[in-house]
Amino acid sequence: SSETFWTTTGMFPQEFIIGFPKCVTISKVAIQCYLVRTLRIERSTSKDPVGFEQCIEKDLQHTEGQLQMEEFPLPSFQATYLRFIIKSAFDHFVSVHRVMAEGT
């Protein structure tokens, strides 16, 4: 729902983890967020959310009053978990409205 979102608690870095029911192949990740400055995405193929390795880190463009919509086309990789680390922001609080992963 576009009416719901996850918000940070004010200090950085902040992170959240998304788990899949089994190991999947991912070719693209997209995120809709607000006031995120630097975002890192990591993956794990473990049964538990441990042993993460970095996929991408990017500085996002500031979009005053609008959601940031970023797509990360990646070489296909396996993942059971994706960890999103918000390393810095344009304000004290940020929000994440949607995360999408494409693949098989």
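Scroll up to find the structure this text is about.
Procedures and definitions
Residues numbered from 1 in each chain as written. Predicted model: local features only at pLDDT ≥ 70, side-chain atom pairs only at ≥ 80, totals over all residues. Heavy atoms only, no water. Pairing = 2+ DSSP bridges. Helix = DSSP H or I, 4+ residues; strand = E, 2+ residues; numbered from the N terminus. Buried < 20%, exposed > 50% of the residue type's maximum accessible area, 1.4 Å probe, protein only. Polar contact = N/O pair within 3.5 Å; in protein donor to acceptor, adjacent residues only side chain to side chain. Contact = heavy atoms within 4.5 Å.

On to the sheet that holds strand S6 (residues 95–103). Pairing is antiparallel across the open sheet formed by six strands, whose spatial order is S1-S6-S2-S5-S3-S4. With partners counted over all chains shown, the strands left at the sheet margins are strand S1 (6–7) and strand S4 (53–59), one partner each.

With that out of the way, let us pick up the side chain of Thr 38. Relative to the helices and strands, Thr 38 is located in strand S3 (residues 36–44). Taking relative accessible area as the criterion, Thr 38 reaches 9% and is therefore assigned buried. Polar side-chain contacts of Thr 38 include one of 2.6 Å to the side chain of Asp 59. Sequence-distant contacts of Thr 38, that is, excluding residues within four places in its chain, are made with Glu 57, Lys 58, Asp 59, Ile 85, Ile 86, Lys 87 and Ser 88.

Another aspect to go through is unusual backbone geometry. Across the junction of Phe 12 and Pro 13, the peptide omega takes the value 10 degrees, indicating a cis bond. With respect to the secondary-structure elements, Pro 13 resides in the loop between S1 and strand S2 (14–34). Phi angles above zero are rare outside glycine, and Leu 35 is one such case at about 70 degrees. Looking at the secondary structure, you find Leu 35 in the loop between S2 and S3.

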